[in-house]
Amino acid sequence: MAMPKLGPVLKDISPYNDSESGFVSDFWETMVGCRPPSSVNGLINNTKTCSGSEKVDYSNKFFDVTQLRVAYNVYQAVYAIAHALHQVMFCEEPGTNASKLCLSVLQITPKLVSEQLKKVHFVDAFGEVVFFDKNGDPPASYEVINWQLREGQVQHIGVGHFSTTANGKYELVLNEDMIVWRTGIYQTPKAVCSEICPQGTRKAQIRGLPLCCFDCIPCADGSISNTTGATDCITCPEEYWSNERKDNCIMKITEFLSHTETMGIVLIAVSLFGACLTFSTMVIFIHFRDTPIVKANNSELSLLLLLSLIFCFLCPLTFIGEPTVWSCMLRHIAFGITFALCISCILGKTIVVVTAFRATLPGNNVAGNFGPLQQRAIVCSCTAVQIVTCIIWLNVAPPFPDKVFEQRSKKIILECNTGSDAAFYAVLGYIGLLAIVCLVLAFLARKLPDNFNEAKFIAFSMLIFCAVWITFIPAYVSSPGKYTVAVEIFAILSSAFGLLFSIFTPKCYIILIKPERNTRKHVMGKK
(Lines give C-alpha, C1' and ligand atoms only; values in the text may rest on other atoms or scores of the structure.)
Protein backbone atom coordinates (compact mmCIF):
# COMPACT_ATOMS: atom_id res chain seq x y z
CA MET A 1 0.00 0.00 0.00
CA ALA A 2 1.36 3.37 -0.99
CA MET A 3 1.30 6.33 1.42
CA PRO A 4 1.98 9.32 -0.87
CA LYS A 5 1.45 11.93 1.85
CA LEU A 6 4.21 10.39 3.94
CA GLY A 7 6.93 11.29 1.43
CA PRO A 8 6.84 15.09 2.00
CA VAL A 9 6.83 14.53 5.78
CA LEU A 10 9.99 12.40 5.60
CA LYS A 11 11.72 14.87 3.30
CA ASP A 12 10.88 17.71 5.68
CA ILE A 13 12.79 16.14 8.60
CA SER A 14 15.70 18.39 9.62
CA PRO A 15 17.56 18.87 12.93
CA TYR A 16 17.66 22.57 12.20
CA ASN A 17 13.86 22.72 12.34
CA ASP A 18 13.42 20.52 15.41
CA SER A 19 16.69 20.20 17.27
CA GLU A 20 15.07 19.00 20.49
CA SER A 21 14.06 15.60 19.08
CA GLY A 22 16.62 12.89 19.71
CA PHE A 23 15.13 10.82 16.89
CA VAL A 24 15.79 13.59 14.39
CA SER A 25 19.49 13.79 15.36
CA ASP A 26 19.89 10.01 15.02
CA PHE A 27 18.04 10.06 11.71
CA TRP A 28 20.23 12.87 10.44
CA GLU A 29 23.41 11.07 11.45
CA THR A 30 22.21 7.90 9.67
CA MET A 31 21.23 9.66 6.46
CA VAL A 32 24.01 12.32 6.27
CA GLY A 33 26.84 10.91 8.40
CA CYS A 34 27.12 13.75 10.94
CA ARG A 35 25.27 15.18 13.88
CA PRO A 36 24.06 18.74 14.23
CA PRO A 37 26.18 20.95 16.58
CA SER A 38 23.37 21.18 19.12
CA SER A 39 23.41 17.40 19.76
CA VAL A 40 27.20 16.79 19.77
CA ASN A 41 27.74 17.71 23.44
CA GLY A 42 28.16 14.67 25.64
CA LEU A 43 28.89 12.29 22.76
CA ILE A 44 32.12 10.55 21.91
CA ASN A 45 34.80 12.63 20.23
CA ASN A 46 34.86 10.70 16.97
CA THR A 47 31.33 11.88 16.07
CA LYS A 48 31.47 14.23 13.11
CA THR A 49 29.79 17.58 13.49
CA CYS A 50 27.69 18.86 10.63
CA SER A 51 28.62 22.11 8.99
CA GLY A 52 25.08 22.86 7.86
CA SER A 53 25.76 22.47 4.12
CA GLU A 54 25.09 18.73 3.98
CA LYS A 55 22.33 17.39 1.67
CA VAL A 56 20.11 14.32 2.04
CA ASP A 57 20.10 11.68 -0.72
CA TYR A 58 16.39 11.33 -1.36
CA SER A 59 16.96 8.39 -3.72
CA ASN A 60 17.57 6.30 -0.61
CA LYS A 61 15.06 3.44 -0.09
CA PHE A 62 14.07 5.09 3.18
CA PHE A 63 12.10 7.67 1.21
CA ASP A 64 10.30 5.05 -0.94
CA VAL A 65 6.66 5.20 0.26
CA THR A 66 5.17 2.87 -2.39
CA GLN A 67 5.53 -0.39 -0.43
CA LEU A 68 4.39 0.39 3.10
CA ARG A 69 1.68 -2.17 3.73
CA VAL A 70 2.68 -2.91 7.31
CA ALA A 71 3.18 0.77 8.05
CA TYR A 72 -0.22 1.58 6.55
CA ASN A 73 -1.88 -1.03 8.78
CA VAL A 74 -0.21 0.51 11.79
CA TYR A 75 -1.36 3.93 10.59
CA GLN A 76 -4.99 2.74 10.37
CA ALA A 77 -4.78 1.02 13.77
CA VAL A 78 -3.49 4.18 15.46
CA TYR A 79 -6.21 6.32 13.93
CA ALA A 80 -8.89 3.76 14.81
CA ILE A 81 -7.84 3.83 18.48
CA ALA A 82 -7.69 7.63 18.35
CA HIS A 83 -11.27 7.76 17.05
CA ALA A 84 -12.38 5.31 19.74
CA LEU A 85 -10.69 7.38 22.49
CA HIS A 86 -12.29 10.53 21.13
CA GLN A 87 -15.77 8.95 21.26
CA VAL A 88 -15.16 7.71 24.83
CA MET A 89 -13.83 11.00 26.15
CA PHE A 90 -16.21 13.41 24.41
CA CYS A 91 -20.00 13.53 24.18
CA GLU A 92 -22.01 15.55 21.69
CA GLU A 93 -24.38 18.08 23.26
CA PRO A 94 -28.01 17.60 22.16
CA GLY A 95 -29.17 20.04 19.46
CA THR A 96 -25.65 21.28 18.67
CA ASN A 97 -22.53 20.13 16.90
CA ALA A 98 -20.41 20.96 19.95
CA SER A 99 -19.02 18.29 22.25
CA LYS A 100 -18.02 18.27 25.88
CA LEU A 101 -15.68 16.18 27.97
CA CYS A 102 -17.47 13.13 29.39
CA LEU A 103 -14.66 11.13 30.97
CA SER A 104 -11.23 12.03 32.18
CA VAL A 105 -8.14 10.09 31.19
CA LEU A 106 -8.12 8.28 34.55
CA GLN A 107 -11.69 7.02 33.96
CA ILE A 108 -10.93 5.37 30.61
CA THR A 109 -10.65 1.56 30.75
CA PRO A 110 -9.55 -0.89 28.03
CA LYS A 111 -13.05 -2.36 27.93
CA LEU A 112 -14.63 1.02 27.10
CA VAL A 113 -12.12 1.60 24.33
CA SER A 114 -12.62 -1.94 22.96
CA GLU A 115 -16.40 -1.55 22.85
CA GLN A 116 -16.17 1.84 21.17
CA LEU A 117 -13.60 0.50 18.71
CA LYS A 118 -16.26 -1.80 17.20
CA LYS A 119 -18.37 1.29 16.36
CA VAL A 120 -15.57 3.20 14.64
CA HIS A 121 -16.38 4.27 11.09
CA PHE A 122 -14.29 6.92 9.34
CA VAL A 123 -12.43 7.69 6.13
CA ASP A 124 -8.65 8.02 6.46
CA ALA A 125 -6.45 10.52 4.65
CA PHE A 126 -6.04 8.13 1.72
CA GLY A 127 -9.77 7.70 1.08
CA GLU A 128 -10.05 4.25 2.66
CA VAL A 129 -13.07 3.49 4.85
CA VAL A 130 -12.10 2.07 8.23
CA PHE A 131 -14.71 0.09 10.19
CA PHE A 132 -15.19 -3.23 12.04
CA ASP A 133 -17.98 -5.82 11.90
CA LYS A 134 -20.10 -7.03 14.80
CA ASN A 135 -17.36 -9.45 15.82
CA GLY A 136 -14.73 -6.71 15.89
CA ASP A 137 -13.00 -7.98 12.75
CA PRO A 138 -11.86 -5.57 10.02
CA PRO A 139 -13.42 -6.07 6.58
CA ALA A 140 -11.69 -8.24 4.01
CA SER A 141 -9.39 -6.00 2.04
CA TYR A 142 -6.74 -7.18 -0.37
CA GLU A 143 -4.48 -5.43 -2.77
CA VAL A 144 -3.96 -6.99 -6.19
CA ILE A 145 -0.21 -7.07 -6.82
CA ASN A 146 1.53 -7.40 -10.15
CA TRP A 147 5.17 -8.49 -10.07
CA GLN A 148 7.03 -6.34 -12.56
CA LEU A 149 10.69 -6.34 -13.55
CA ARG A 150 11.96 -2.76 -13.49
CA GLU A 151 15.62 -1.81 -13.88
CA GLY A 152 16.67 -5.37 -13.18
CA GLN A 153 14.70 -5.62 -9.95
CA VAL A 154 11.33 -7.21 -9.23
CA GLN A 155 8.88 -4.69 -7.88
CA HIS A 156 5.41 -5.31 -6.48
CA ILE A 157 3.03 -2.91 -8.18
CA GLY A 158 -0.51 -2.54 -7.01
CA VAL A 159 -2.96 -2.81 -9.92
CA GLY A 160 -6.24 -3.03 -8.01
CA HIS A 161 -7.91 -4.00 -4.79
CA PHE A 162 -10.62 -6.24 -3.38
CA SER A 163 -12.61 -4.94 -0.45
CA THR A 164 -15.81 -5.34 1.54
CA THR A 165 -18.21 -2.42 1.83
CA ALA A 166 -20.11 -1.45 4.96
CA ASN A 167 -23.31 -3.10 3.70
CA GLY A 168 -21.56 -6.46 3.25
CA LYS A 169 -21.07 -6.32 -0.52
CA TYR A 170 -17.81 -7.12 -2.25
CA GLU A 171 -16.00 -4.83 -4.64
CA LEU A 172 -13.20 -5.69 -7.05
CA VAL A 173 -11.38 -2.89 -8.87
CA LEU A 174 -8.67 -3.61 -11.44
CA ASN A 175 -6.60 -1.20 -13.47
CA GLU A 176 -5.82 -3.45 -16.42
CA ASP A 177 -3.73 -0.80 -18.13
CA MET A 178 -1.11 -1.09 -15.38
CA ILE A 179 -0.74 -4.88 -15.63
CA VAL A 180 2.50 -6.08 -17.21
CA TRP A 181 2.31 -9.70 -18.37
CA ARG A 182 5.09 -12.25 -18.50
CA THR A 183 5.74 -11.38 -22.13
CA GLY A 184 6.64 -7.82 -21.02
CA ILE A 185 3.68 -6.19 -22.74
CA TYR A 186 0.53 -4.60 -21.38
CA GLN A 187 -1.82 -6.47 -23.74
CA THR A 188 -3.46 -9.61 -22.33
CA PRO A 189 -1.77 -12.66 -23.92
CA LYS A 190 -3.85 -15.30 -25.69
CA ALA A 191 -3.86 -19.01 -24.95
CA VAL A 192 -0.87 -20.79 -26.35
CA CYS A 193 -2.93 -23.58 -27.94
CA SER A 194 -6.61 -22.72 -28.55
CA GLU A 195 -8.74 -19.63 -28.93
CA ILE A 196 -11.66 -19.20 -26.53
CA CYS A 197 -14.77 -21.07 -27.66
CA PRO A 198 -17.51 -18.78 -29.04
CA GLN A 199 -21.17 -18.91 -28.07
CA GLY A 200 -23.00 -21.94 -29.37
CA THR A 201 -20.05 -24.27 -28.69
CA ARG A 202 -18.51 -26.03 -25.72
CA LYS A 203 -14.95 -26.92 -24.78
CA ALA A 204 -13.75 -30.48 -25.21
CA GLN A 205 -10.40 -31.27 -23.65
CA ILE A 206 -7.80 -32.90 -25.90
CA ARG A 207 -6.25 -35.88 -24.16
CA GLY A 208 -2.53 -35.64 -23.65
CA LEU A 209 -2.33 -31.87 -24.22
CA PRO A 210 -2.27 -28.97 -21.70
CA LEU A 211 -5.50 -27.52 -20.33
CA CYS A 212 -5.25 -24.56 -22.68
CA CYS A 213 -5.57 -26.91 -25.66
CA PHE A 214 -9.15 -27.93 -26.46
CA ASP A 215 -11.63 -28.33 -29.29
CA CYS A 216 -14.77 -26.22 -29.68
CA ILE A 217 -17.67 -28.58 -30.38
CA PRO A 218 -21.05 -27.15 -31.52
CA CYS A 219 -23.90 -27.78 -29.11
CA ALA A 220 -26.30 -30.55 -30.05
CA ASP A 221 -29.75 -29.73 -31.42
CA GLY A 222 -32.00 -28.58 -28.60
CA SER A 223 -29.15 -27.27 -26.42
CA ILE A 224 -27.31 -23.94 -26.30
CA SER A 225 -24.37 -22.11 -24.75
CA ASN A 226 -24.92 -18.37 -24.40
CA THR A 227 -21.48 -17.57 -22.95
CA THR A 228 -17.99 -17.80 -24.43
CA GLY A 229 -15.72 -20.53 -23.13
CA ALA A 230 -18.60 -22.68 -21.86
CA THR A 231 -17.69 -26.17 -20.73
CA ASP A 232 -21.21 -27.60 -21.11
CA CYS A 233 -24.31 -26.87 -23.19
CA ILE A 234 -27.66 -26.08 -21.59
CA THR A 235 -30.69 -28.12 -22.68
CA CYS A 236 -33.66 -26.00 -23.81
CA PRO A 237 -37.05 -26.40 -22.09
CA GLU A 238 -39.56 -28.83 -23.59
CA GLU A 239 -41.47 -26.25 -25.64
CA TYR A 240 -38.29 -24.54 -26.91
CA TRP A 241 -35.59 -25.40 -29.44
CA SER A 242 -32.12 -24.04 -30.16
CA ASN A 243 -31.65 -21.49 -32.93
CA GLU A 244 -29.19 -21.96 -35.79
CA ARG A 245 -26.30 -20.37 -33.87
CA LYS A 246 -27.08 -22.53 -30.80
CA ASP A 247 -26.82 -19.50 -28.51
CA ASN A 248 -30.52 -18.96 -27.70
CA CYS A 249 -33.67 -21.02 -27.12
CA ILE A 250 -36.64 -20.17 -29.33
CA MET A 251 -40.24 -21.42 -29.34
CA LYS A 252 -40.79 -24.63 -31.30
CA ILE A 253 -42.86 -24.53 -34.48
CA THR A 254 -46.44 -25.72 -33.96
CA GLU A 255 -47.37 -28.13 -36.76
CA PHE A 256 -50.83 -29.22 -37.92
CA LEU A 257 -52.56 -29.64 -41.26
CA SER A 258 -53.76 -26.12 -42.04
CA HIS A 259 -56.46 -24.81 -44.41
CA THR A 260 -54.01 -22.35 -45.93
CA GLU A 261 -51.16 -24.65 -46.95
CA THR A 262 -51.01 -26.37 -50.33
CA MET A 263 -51.70 -29.87 -49.04
CA GLY A 264 -54.73 -28.72 -47.06
CA ILE A 265 -56.14 -26.77 -50.03
CA VAL A 266 -55.73 -29.77 -52.37
CA LEU A 267 -57.44 -32.15 -49.94
CA ILE A 268 -60.31 -29.70 -49.39
CA ALA A 269 -60.74 -29.33 -53.16
CA VAL A 270 -60.77 -33.10 -53.73
CA SER A 271 -63.20 -33.58 -50.84
CA LEU A 272 -65.62 -30.96 -52.19
CA PHE A 273 -65.25 -32.36 -55.72
CA GLY A 274 -66.22 -35.82 -54.48
CA ALA A 275 -69.22 -34.42 -52.61
CA CYS A 276 -70.38 -32.49 -55.69
CA LEU A 277 -69.89 -35.53 -57.92
CA THR A 278 -71.93 -37.67 -55.54
CA PHE A 279 -74.63 -35.03 -55.31
CA SER A 280 -74.78 -34.93 -59.13
CA THR A 281 -75.20 -38.71 -59.19
CA MET A 282 -78.02 -38.38 -56.68
CA VAL A 283 -79.74 -35.80 -58.90
CA ILE A 284 -79.45 -38.17 -61.88
CA PHE A 285 -80.98 -41.04 -59.89
CA ILE A 286 -83.84 -38.85 -58.67
CA HIS A 287 -84.54 -37.58 -62.19
CA PHE A 288 -84.49 -41.09 -63.69
CA ARG A 289 -86.12 -42.80 -60.71
CA ASP A 290 -88.87 -44.31 -62.89
CA THR A 291 -86.44 -46.01 -65.28
CA PRO A 292 -85.95 -49.81 -65.05
CA ILE A 293 -82.27 -49.70 -64.10
CA VAL A 294 -82.88 -47.38 -61.11
CA LYS A 295 -85.86 -49.45 -59.94
CA ALA A 296 -83.92 -52.69 -60.37
CA ASN A 297 -81.14 -51.40 -58.08
CA ASN A 298 -83.42 -50.42 -55.20
CA SER A 299 -83.74 -46.67 -55.59
CA GLU A 300 -84.37 -46.07 -51.88
CA LEU A 301 -81.14 -47.77 -50.74
CA SER A 302 -79.24 -46.20 -53.63
CA LEU A 303 -80.29 -42.68 -52.65
CA LEU A 304 -79.49 -43.35 -48.98
CA LEU A 305 -76.10 -44.74 -50.02
CA LEU A 306 -75.39 -41.61 -52.10
CA LEU A 307 -76.38 -39.40 -49.16
CA SER A 308 -74.00 -41.26 -46.86
CA LEU A 309 -71.23 -40.96 -49.47
CA ILE A 310 -71.73 -37.18 -49.51
CA PHE A 311 -71.14 -37.16 -45.75
CA CYS A 312 -68.09 -39.40 -46.24
CA PHE A 313 -66.60 -36.88 -48.70
CA LEU A 314 -67.32 -33.97 -46.34
CA CYS A 315 -65.88 -35.83 -43.34
CA PRO A 316 -62.21 -34.93 -44.19
CA LEU A 317 -63.05 -31.24 -43.72
CA THR A 318 -63.15 -31.86 -39.95
CA PHE A 319 -59.60 -33.26 -40.07
CA ILE A 320 -58.09 -30.05 -41.51
CA GLY A 321 -57.25 -27.13 -39.22
CA GLU A 322 -55.98 -26.71 -35.67
CA PRO A 323 -57.39 -29.46 -33.45
CA THR A 324 -59.93 -28.36 -30.85
CA VAL A 325 -62.06 -30.28 -28.36
CA TRP A 326 -65.12 -30.19 -30.64
CA SER A 327 -63.28 -30.86 -33.90
CA CYS A 328 -61.51 -33.89 -32.39
CA MET A 329 -64.79 -35.41 -31.23
CA LEU A 330 -66.56 -34.55 -34.48
CA ARG A 331 -63.93 -35.97 -36.83
CA HIS A 332 -63.84 -39.43 -35.23
CA ILE A 333 -67.56 -39.71 -34.58
CA ALA A 334 -68.51 -38.43 -38.06
CA PHE A 335 -66.06 -40.84 -39.68
CA GLY A 336 -67.37 -43.85 -37.73
CA ILE A 337 -71.09 -43.18 -38.22
CA THR A 338 -70.99 -42.09 -41.89
CA PHE A 339 -68.96 -45.09 -43.02
CA ALA A 340 -71.09 -47.43 -40.91
CA LEU A 341 -74.21 -46.02 -42.63
CA CYS A 342 -72.54 -46.32 -46.03
CA ILE A 343 -71.49 -49.96 -45.57
CA SER A 344 -74.89 -50.78 -44.03
CA CYS A 345 -76.61 -49.53 -47.19
CA ILE A 346 -74.28 -51.64 -49.33
CA LEU A 347 -74.97 -54.62 -47.07
CA GLY A 348 -78.70 -54.11 -47.54
CA LYS A 349 -78.28 -53.95 -51.32
CA THR A 350 -76.15 -57.08 -51.25
CA ILE A 351 -78.72 -59.00 -49.24
CA VAL A 352 -81.44 -57.87 -51.68
CA VAL A 353 -79.42 -59.25 -54.61
CA VAL A 354 -78.74 -62.55 -52.84
CA THR A 355 -82.35 -63.04 -51.74
CA ALA A 356 -83.57 -62.17 -55.22
CA PHE A 357 -81.43 -64.94 -56.63
CA ARG A 358 -82.53 -67.40 -53.95
CA ALA A 359 -86.17 -66.58 -54.75
CA THR A 360 -85.70 -68.00 -58.25
CA LEU A 361 -85.07 -71.42 -56.78
CA PRO A 362 -88.12 -73.71 -56.52
CA GLY A 363 -89.94 -73.64 -53.15
CA ASN A 364 -88.01 -70.62 -51.77
CA ASN A 365 -90.04 -67.65 -50.42
CA VAL A 366 -87.15 -65.63 -49.00
CA ALA A 367 -87.66 -62.69 -51.34
CA GLY A 368 -91.25 -62.30 -50.27
CA ASN A 369 -90.15 -62.00 -46.63
CA PHE A 370 -87.41 -59.42 -47.35
CA GLY A 371 -89.18 -56.25 -48.40
CA PRO A 372 -88.48 -52.52 -47.91
CA LEU A 373 -89.28 -52.71 -44.21
CA GLN A 374 -86.68 -55.39 -43.60
CA GLN A 375 -84.14 -53.46 -45.68
CA ARG A 376 -84.66 -50.34 -43.58
CA ALA A 377 -84.39 -52.43 -40.41
CA ILE A 378 -80.98 -53.82 -41.48
CA VAL A 379 -79.62 -50.36 -42.33
CA CYS A 380 -80.95 -48.78 -39.12
CA SER A 381 -79.87 -51.61 -36.82
CA CYS A 382 -76.35 -51.84 -38.29
CA THR A 383 -75.91 -48.06 -38.04
CA ALA A 384 -77.43 -47.95 -34.54
CA VAL A 385 -74.73 -50.31 -33.23
CA GLN A 386 -72.07 -47.84 -34.37
CA ILE A 387 -73.98 -44.87 -32.89
CA VAL A 388 -74.21 -46.59 -29.50
CA THR A 389 -70.48 -47.39 -29.62
CA CYS A 390 -69.68 -43.73 -30.35
CA ILE A 391 -71.95 -42.51 -27.52
CA ILE A 392 -70.19 -44.81 -25.07
CA TRP A 393 -66.84 -43.57 -26.41
CA LEU A 394 -67.79 -39.93 -25.84
CA ASN A 395 -68.95 -40.62 -22.29
CA VAL A 396 -66.05 -42.80 -21.19
CA ALA A 397 -62.94 -41.19 -22.80
CA PRO A 398 -63.69 -38.78 -25.65
CA PRO A 399 -61.02 -37.65 -28.14
CA PHE A 400 -59.16 -34.46 -27.19
CA PRO A 401 -56.46 -32.18 -28.70
CA ASP A 402 -52.95 -33.09 -27.63
CA LYS A 403 -49.40 -31.78 -28.05
CA VAL A 404 -46.70 -34.27 -29.02
CA PHE A 405 -43.18 -33.28 -28.02
CA GLU A 406 -40.57 -35.28 -29.87
CA GLN A 407 -37.21 -35.34 -28.10
CA ARG A 408 -35.13 -34.56 -31.17
CA SER A 409 -37.52 -32.38 -33.16
CA LYS A 410 -37.95 -28.63 -33.37
CA LYS A 411 -41.70 -29.02 -33.90
CA ILE A 412 -44.68 -29.40 -31.59
CA ILE A 413 -47.21 -31.65 -33.33
CA LEU A 414 -50.85 -30.80 -32.60
CA GLU A 415 -53.00 -33.89 -33.02
CA CYS A 416 -56.22 -35.42 -31.79
CA ASN A 417 -55.70 -38.05 -29.13
CA THR A 418 -58.29 -40.82 -29.44
CA GLY A 419 -58.85 -40.82 -25.69
CA SER A 420 -59.75 -44.52 -25.60
CA ASP A 421 -57.81 -46.74 -27.99
CA ALA A 422 -60.24 -49.60 -27.34
CA ALA A 423 -63.23 -47.50 -28.46
CA PHE A 424 -61.35 -46.25 -31.50
CA TYR A 425 -60.43 -49.77 -32.59
CA ALA A 426 -63.99 -50.93 -31.89
CA VAL A 427 -65.34 -48.31 -34.31
CA LEU A 428 -62.82 -49.26 -37.01
CA GLY A 429 -63.30 -52.97 -36.37
CA TYR A 430 -67.07 -52.71 -36.73
CA ILE A 431 -66.74 -50.95 -40.11
CA GLY A 432 -64.28 -53.63 -41.19
CA LEU A 433 -66.67 -56.37 -40.06
CA LEU A 434 -69.53 -54.92 -42.14
CA ALA A 435 -67.20 -54.59 -45.14
CA ILE A 436 -66.06 -58.24 -44.89
CA VAL A 437 -69.67 -59.50 -44.64
CA CYS A 438 -70.56 -57.44 -47.74
CA LEU A 439 -67.54 -58.77 -49.58
CA VAL A 440 -68.36 -62.41 -48.79
CA LEU A 441 -72.04 -62.10 -49.77
CA ALA A 442 -71.26 -60.17 -52.95
CA PHE A 443 -68.57 -62.70 -53.90
CA LEU A 444 -71.04 -65.57 -53.53
CA ALA A 445 -73.57 -63.76 -55.75
CA ARG A 446 -71.10 -62.50 -58.35
CA LYS A 447 -72.19 -65.05 -61.04
CA LEU A 448 -75.92 -64.44 -61.01
CA PRO A 449 -77.47 -65.02 -64.45
CA ASP A 450 -78.97 -61.49 -64.80
CA ASN A 451 -77.66 -59.25 -67.59
CA PHE A 452 -77.03 -56.48 -65.09
CA ASN A 453 -75.67 -58.12 -61.98
CA GLU A 454 -74.95 -55.51 -59.22
CA ALA A 455 -73.24 -58.08 -56.96
CA LYS A 456 -70.04 -58.07 -58.98
CA PHE A 457 -69.82 -54.27 -58.71
CA ILE A 458 -70.38 -54.45 -54.95
CA ALA A 459 -67.72 -57.16 -54.63
CA PHE A 460 -65.26 -55.02 -56.59
CA SER A 461 -66.03 -51.93 -54.47
CA MET A 462 -65.52 -53.89 -51.25
CA LEU A 463 -62.20 -55.21 -52.52
CA ILE A 464 -61.07 -51.61 -53.13
CA PHE A 465 -62.39 -50.54 -49.72
CA CYS A 466 -60.58 -53.33 -47.84
CA ALA A 467 -57.36 -52.85 -49.85
CA VAL A 468 -57.30 -49.12 -49.07
CA TRP A 469 -57.73 -49.56 -45.31
CA ILE A 470 -55.31 -52.48 -45.08
CA THR A 471 -52.56 -50.45 -46.76
CA PHE A 472 -53.57 -47.43 -44.67
CA ILE A 473 -52.37 -49.01 -41.41
CA PRO A 474 -48.58 -49.14 -42.12
CA ALA A 475 -48.69 -45.78 -43.92
CA TYR A 476 -50.52 -44.21 -40.96
CA VAL A 477 -48.02 -45.54 -38.42
CA SER A 478 -44.92 -44.48 -40.40
CA SER A 479 -46.11 -40.97 -41.38
CA PRO A 480 -44.70 -38.12 -39.26
CA GLY A 481 -46.57 -35.08 -37.94
CA LYS A 482 -49.29 -33.57 -40.09
CA TYR A 483 -48.76 -36.24 -42.76
CA THR A 484 -50.46 -38.72 -40.44
CA VAL A 485 -53.70 -36.74 -40.82
CA ALA A 486 -53.12 -36.40 -44.56
CA VAL A 487 -52.79 -40.19 -44.92
CA GLU A 488 -56.03 -40.71 -43.00
CA ILE A 489 -57.85 -38.18 -45.22
CA PHE A 490 -56.41 -39.87 -48.32
CA ALA A 491 -57.73 -43.24 -47.14
CA ILE A 492 -61.21 -41.79 -46.53
CA LEU A 493 -61.34 -40.13 -49.95
CA SER A 494 -59.90 -43.15 -51.77
CA SER A 495 -62.41 -45.56 -50.25
CA ALA A 496 -65.29 -43.14 -50.90
CA PHE A 497 -64.29 -42.65 -54.55
CA GLY A 498 -63.88 -46.42 -54.89
CA LEU A 499 -67.44 -47.03 -53.67
CA LEU A 500 -68.86 -44.24 -55.83
CA PHE A 501 -67.15 -45.26 -59.06
CA SER A 502 -67.52 -49.04 -58.63
CA ILE A 503 -71.23 -49.05 -57.80
CA PHE A 504 -72.68 -46.05 -59.63
CA THR A 505 -70.49 -45.49 -62.72
CA PRO A 506 -71.97 -48.46 -64.66
CA LYS A 507 -75.51 -47.27 -63.88
CA CYS A 508 -74.82 -43.65 -64.87
CA TYR A 509 -73.15 -44.87 -68.04
CA ILE A 510 -76.29 -46.71 -69.13
CA ILE A 511 -78.63 -43.91 -68.02
CA LEU A 512 -76.73 -41.12 -69.79
CA ILE A 513 -74.71 -42.76 -72.58
CA LYS A 514 -76.67 -45.94 -73.45
CA PRO A 515 -80.33 -45.12 -72.78
CA GLU A 516 -81.41 -47.87 -75.20
CA ARG A 517 -80.20 -50.42 -72.65
CA ASN A 518 -82.26 -48.85 -69.89
CA THR A 519 -85.18 -51.22 -70.44
CA ARG A 520 -86.75 -53.93 -68.32
CA LYS A 521 -86.06 -56.56 -70.98
CA HIS A 522 -82.35 -55.73 -71.10
CA VAL A 523 -81.96 -55.46 -67.32
CA MET A 524 -83.73 -58.79 -66.61
CA GLY A 525 -82.38 -60.58 -69.65
CA LYS A 526 -80.09 -63.57 -69.37
CA LYS A 527 -76.49 -63.48 -70.52
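Thresholds applied
Residues numbered from 1 in each chain as written. Predicted model: local features only at pLDDT ≥ 70, side-chain atom pairs only at ≥ 80, totals over all residues. Heavy atoms only, no water. Axes fitted to C-alpha atoms, helices over the stretch in contact; angles between N-to-C directions. Helix = DSSP H or I, 4+ residues; strand = E, 2+ residues; numbered from the N terminus. Parallel < 35°, antiparallel > 145°, perpendicular 65-115°, else oblique. Left-handed = near helix turned anticlockwise from the far one by under 90°. Contact = heavy atoms within 4.5 Å. Nonpolar A, V, L, I, M, F, W, Y, C, P; charged D, E, K, R; others polar. pLDDT = per-residue confidence, 0-100. Buried < 20%, exposed > 50% of the residue type's maximum accessible area, 1.4 Å probe, protein only. Pairing = 2+ DSSP bridges. Expected span 1.5 Å × (residues − 1). Core = buried A, V, L, I, M, F, W, Y, C linked by side-chain atoms within 4.5 Å.

**Q** Let's hear about the packing of helix α7 (residues 299-314) against helix α12 (residues 482-513): which residues, and what values?
**A** Where α7 contacts α12, the axes come no closer than 10 Å and their chain directions differ by 155°. With respect to α12, the axis of α7 lies roughly antiparallel. Seen from above, α7 lies across α12 with left-handed handedness. The residues of α12 that touch α7, namely those facing Ser302, Leu305, Leu306, Leu309, Cys312 and Phe313, are Ile492, Leu493, Ala496, Phe497, Leu499, Leu500, Ile503 and Phe504. When its residues are assigned to classes, the contact of α7 with α12 shows 13 nonpolar, 1 polar and no charged.

**Q** An account of the confidence of the model for the chain is requested, with residue identities and associated values reported.
**A** For the chain, the mean per-residue pLDDT works out to 81, and 87% of the residues sit at or above 70. Per-element averaging of pLDDT across the chain places strand β2 (residues 99-101) at the bottom with 64 and helix α5 (residues 262-287) at the top with 92.

**Q** Please set out unusual backbone geometry residue by residue, giving values where relevant.
**A** Across residues other than glycine, the phi torsion is negative in most instances, and most of the peptide bonds are trans. A positive phi angle is found at Lys246, which is not glycine, with a value near 60°. Inspection of the secondary structure assignment puts Lys246 in the loop between β12 (240-242) and β13 (249-251). Lys246 gets classed as buried once you look at its relative accessible area, which sits at 14%.

**Q** Pulling in residues and values, what's your account of the sheet that holds strand β14 (residues 253-255)?
**A** The 3 strands lie next to each other as β14-β16-β15, forming an open sheet whose pairing is mixed. Whereas interior strands pair on both sides, the edge strands pair on one side only; in this sheet they are β14 and β15 (400-405). Here the strands of the sheet are splayed against their neighbours by 30° on average, with no regard to which way each runs.

**Q** Could you give an account of the sheet that holds strand β5 (residues 141-150), naming the residues involved and the relevant values?
**A** Taken in spatial order, the 3 strands line up as β5-β6-β7 in an open sheet, and their pairing is antiparallel. Across the chains shown, the open sheet's two edge strands, defined by having one partner strand only, are β5 and β7 (170-174). Averaged over all pairs of adjacent strands, the angle between their axes in this sheet comes to 25°, without regard to strand direction. Judged from the 10 bridges that link them, β5 and strand β6 (residues 153-164) form a sheet pairing that is antiparallel. Across the sheet, Tyr142 pairs through a bridge with Phe162, a residue of β6.

**Q** Quick rundown of α5? Include the residues and the values.
**A** Owing to its 3.6 residues per turn, the α-helix brings residues three or four apart onto one side. Counted at 1.5 Å a residue, the expected span for α5 with its 26 residues is 38 Å, and the 37 Å between its end C-alpha atoms agrees. Buried within α5 we find Gly264, Leu267, Ile268, Ser271, Gly274, Ala275, Thr278, Thr281, Met282, Ile284 and Phe285. The inward-facing, buried residues of α5 abut α6 (292-296), α7 and α12.

**Q** So what about the nonpolar core? Which residues, and what values?
**A** Ranked by size, the top nonpolar core spans 69 residues in total, and within it Ile343, Ile346, Met462 and Phe465 carry the most contacts. Of all elements in the fold, only α5, α6, α7, α8 (325-359), α9 (372-396), α10 (421-444), α11 (454-478) and α12 reach the threshold of two or more residues within this core. With 16 residues, α12 is the largest single contributor of residues to this core. With residues up to four places along the chain from it excluded, the contact list for Ile346 reads Leu305, Cys438, Ile458, Met462, Leu499 and Ile503. Formed by 15 residues, the second largest nonpolar core is a distinct cluster that contains Ile13, Phe27, Met31 and Tyr75.

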